[in-house]
Amino acid sequence: MRQCLTIAIAFIASSLFTAASANDLVLEKYFTGHTRAEGQFSAINGVKKSFKVQLTGRWNGKRLLLREDFTSADGQKDRKTWQFVKTSPTTYLGTREDVVGRAFVSVNGDTAPLQLRRLS
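Just so we're clear, the structure is a prediction, and the values are computed from it rather than from any experiment. (Residues numbered from 1 in each chain as written. Predicted model: local features only at pLDDT ≥ 70, side-chain atom pairs only at ≥ 80, totals over all residues. Heavy atoms only, no water.)

Re the overall build of the protein chain
Helix and strand counts for the protein chain stand at two helices and eight strands. Going from the N terminus to the C terminus, the protein chain shows its helices and strands as β-α-α-β-β-β-β-β-β-β. Taken over 120 residues, the protein chain has a buried fraction of 30%. Restricting to contacts in the protein chain with at least 6 residues of sequence separation, those with at least 24 account for 29%. (Helix = DSSP H or I, 4+ residues; strand = E, 2+ residues; numbered from the N terminus. Buried < 20%, exposed > 50% of the residue type's maximum accessible area, 1.4 Å probe, protein only. Contact = heavy atoms within 4.5 Å.)

Okay, here's the thing in structure tokens:
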């Protein structure tokens, strides 16, 4: 049985969008260069952590490499790197070193929900 978990991409959900209209969100345009965001992580065991993240994005025409440099409220630091391949004008397939499976992203207006699927 394939397990699915739908989550919001923290850096997209917590960022302030500067797009002129809801239909203007294009991940590789928005995240190329430097972006900052704030968010909160909540685990099923009740642990909650606030964080700030500095994002650095590079687009090569097909793949968006997005480095996330996290600093939590307690000063802990972490770095994660997403690689998103554009599969259509509004969809992307992503991987990250600590995520099992693949992330499917489908941009809808000014939101980009992420659906994680384990490989079976």
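A word on the pattern of salt bridges
With the rule as written, the count across this model stands at seven salt bridges. Asp 69 serves as the salt-bridge partner of Arg 67, at 3.0 Å between the closest nitrogen and oxygen. The partner of Asp 69 in a salt bridge is Arg 79, and the shortest N-O contact between them spans 2.5 Å. One end of the pair, Asp 69, is in strand S4 (residues 63-72); the other, Arg 79, is in strand S5 (residues 77-88), and 10 residues separate them in sequence. (Salt bridge = Lys/Arg side-chain N within 4 Å of Asp/Glu carboxyl O.)

Things to note about the nonpolar core
Leu 27, Phe 31, Trp 82, Phe 84, Tyr 92 and Val 105 are the most contacted members of the largest nonpolar core, which totals 22 residues. Counting only elements with at least two residues in this core, the list comes to helix H2 (27-30), strand S3 (48-59), S4, S5, strand S7 (102-106) and strand S8 (113-117). Setting aside residues no more than four positions away along its own chain, Phe 84 makes contact with Lys 62, Arg 63, Leu 64, Leu 66, Tyr 92, Leu 93, Gly 94 and Val 105. (Core = buried A, V, L, I, M, F, W, Y, C linked by side-chain atoms within 4.5 Å.)

Overview of the packing of aromatic side chains
The tally for this structure, following the rule as stated, stands at three aromatic pairs. Seen in terms of ring centroids, Phe 51 and Phe 70 are 5.3 Å apart; in terms of plane orientation they differ by 70°. Their pairing is edge-to-face. Here Phe 51, found in strand S3, pairs with Phe 70, found in strand S4; they are 19 residues apart in sequence, far enough to count as distant. Lying across the ring of Phe 104, Arg 117 places its NZ or CZ 5.1 Å from the centre. (Phe/Tyr/Trp six-rings, centres within 6.5 Å; stacked < 30°, edge-to-face > 60°. Lys NZ or Arg CZ within 6 Å of the ring centre and 35° of its normal.)

Brief notes about the pairing of S5
As judged from the nine bridges shared by S4 and S5, these two strands associate in the antiparallel manner. Across the sheet, Asp 69 pairs through a bridge with Arg 79, a residue of S5. By the bridge criterion, six bridges tie S5 to strand S6 (residues 91-96) in an arrangement that is antiparallel. Residue Lys 86 lies in a different strand from S6, and its bridge partner there is Tyr 92. Count of turn residues in the S5/S6 antiparallel hairpin: two residues. (Pairing = 2+ DSSP bridges.)

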